[in-house]
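# Working through the structure, step by step
Residue strings, one per chain:
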Amino acid sequence: MVRLKPAVFTGTMTANTHGKILVLGGTGKTGSRVVRRLEARGLPVRVGSRSAEPPFDWEDQSTWAPALRDVTSVYVAYYPDLASPGASPTIRSFTQAAVDSGVRRMVLLAGRGEEEAEACEQHVRDSGVEWTILRAAWFAQNFGESFLVEPVLAGEVALPVGDVGEPFVDAEDIADVAVAALTEDGHAGQLYELTGPRSLTFADAIGEIATATGRPIRFVPVSVDEYAAALTQHGVPPEYIQLLTYLFTTVLDGRNTHVVNDVERVLGRPARDVSAYVRAAAEAGIWAAE
Ligand SMILES: NC(=O)c1ccc[n+]([C@@H]2O[C@H](COP(=O)([O-])OP(=O)(O)OC[C@H]3O[C@@H](n4cnc5c(N)ncnc54)[C@H](OP(=O)(O)O)[C@@H]3O)[C@@H](O)[C@H]2O)c1
């Protein structure tokens, strides 16, 4: 296996020396962390999201050119998910627009073991830009900054998943790798699988949150139909329900249980364990009772 130099910032930034770095999903779980790191280095960053100025909307192609103006590198965190219907043609069109606009480097965030996401990856690989693909495991932050917050706070997390192990990855690690790929040489043409250092079940992860917060939180395995019915009752849009049930059934079947050490290979330090995330999030009061 090729051993990369640790991603210590060296000041060599070939792709973005002359342009801005556009961070799509720049207010989200990974994008906001990427933006913070780039800004801390004094690099020219543009947030790409519907609430940014200029606004960027995946569903409105007229917003793409203004967001891409003067941009030479792009971090792509697609919303809602590269596995959702319509993602592949949208990524193909966006990648073409980016190339036409002068973008020379793209870092694409994808999931692991998702055929649909791989079709999106291929558009970026075929585009002629310097590409880096980040195939990430389930984010630890899904428990604290996403759709699992509410059930965790309610003390009962019912999911259609059994004893399958998942090597939850910390979004901080994803952001560190993304920034390395955006700012350093040596990452073009690389596909990195970003996982945490060990696999654990959802029940185990919930157990760790219960311990760290000192609150009773039950994990309840349910059938896919029960899960979909509960989401419908909560007013979740059908396309989002479809996406979640797909992720829990098709993708969480054990294909992604294995740990890959690409975080350490790129950053020169071990990936952060989900326990460290849970402890820090609990201390920060993310799951504090209202
Ligand atoms: N969660 C996981 O466990 C996991 C695992 C592997 C891979 N992934 C991949 O991660 C990606 C999502 O990244 P993330 O979790 O960092 O993002 P996220 O937290 O889901 O953030 C959503 C971001 O997208 C923006 N957004 C929402 N709708 C938009 C639209 N129509 N047009 C443009 N921007 C829009 C939001 O800002 P505004 O509201 O201001 O527009 C926000 O910045 C997905 O493609 C998924 O495949 C996720």
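Described below are features of the structure shown in this document.

What counts, and where the lines are drawn
- Residues numbered from 1 in each chain as written.
- Predicted model: local features only at pLDDT ≥ 70, side-chain atom pairs only at ≥ 80, totals over all residues.
- Heavy atoms only, no water.
- Core = buried A, V, L, I, M, F, W, Y, C linked by side-chain atoms within 4.5 Å.
- Buried < 20%, exposed > 50% of the residue type's maximum accessible area, 1.4 Å probe, protein only.
- Helix = DSSP H or I, 4+ residues; strand = E, 2+ residues; numbered from the N terminus.
- Contact = heavy atoms within 4.5 Å.
- Near = heavy atom within 4 Å.
- Polar contact = N/O pair within 3.5 Å; in protein donor to acceptor, adjacent residues only side chain to side chain.
- Areas by Shrake-Rupley, 256 points an atom, 1.4 Å probe, with all protein chains shown as cover.
- 1 Å grid on protein atoms, 1.4 Å probe; cavity = no way out; pocket = protein on both sides within 12 Å on 5 of 7 lines; lining within 4 Å.
- Sits in = over half its atoms within 2 Å of the grid points.
- Nonpolar A, V, L, I, M, F, W, Y, C, P; charged D, E, K, R; others polar.

Moving on, we come to the nonpolar core. The biggest cluster of nonpolar side chains holds 35 residues, and the ones touching the most others in it are Phe143, Leu159, Val161, Phe168, Phe202, Phe248 and Trp287. Every element with two or more residues in this core is listed here: strand 6 (156-159), helix 8 (202-213), helix 9 (224-233), helix 10 (238-251) and helix 12 (274-283). Looking at which element gives the most residues to this core, the answer is helix 10, with seven residues. Leave out the neighbours within four places in its chain, and phenylalanine 168 touches Trp138, Phe139, Ala140, Phe143, Gly196, Arg198, Leu200, Thr201, Phe202, Ala205 and Val274. Among the nonpolar cores identified, the runner-up in size contains 29 residues, and Leu134, Ala137, Ala180 and Val266 belong to it.

A few words now on the site of the ligand. As a matter of local geometry, the ligand sits amid 26 residues, with Thr27, Thr30, Arg50, Ser51 and Tyr78 nearest to it. Here tyrosine 78 contributes a backbone N or O atom positioned 2.7 Å from an oxygen atom of the ligand. Contact with the protein chains hides 87% of the accessible area of the ligand, taken as 920 Å² for the molecule alone. More than half of the atoms belonging to the ligand lie within 2 Å of the grid points that define the largest pocket. Looking at the shell around the ligand, the element that brings in the most residues is strand 4 (residues 105-111), giving three residues. When grouped by side-chain class, the residues that make up the shell around the ligand number 13 nonpolar, nine polar and four charged.

Moving on, we come to unusual backbone geometry. Look at the link from glutamate 53 to proline 54: it is a cis peptide, with omega at 0°. With respect to the helices and strands, the residue proline 54 is situated in the loop between strand 2 (45-48) and helix 2 (64-68). Residues tyrosine 79 and proline 80 are joined by a peptide bond in cis, for which omega reads 5°. Mapping proline 80 onto the fold places it in the loop between strand 3 (71-76) and helix 3 (87-101). With phi around 65°, aspartate 70 is a residue other than glycine that occupies positive phi space. Within the fold, aspartate 70 resides in the loop between helix 2 and strand 3.

In short, shape yes, function no, at least from these values alone.
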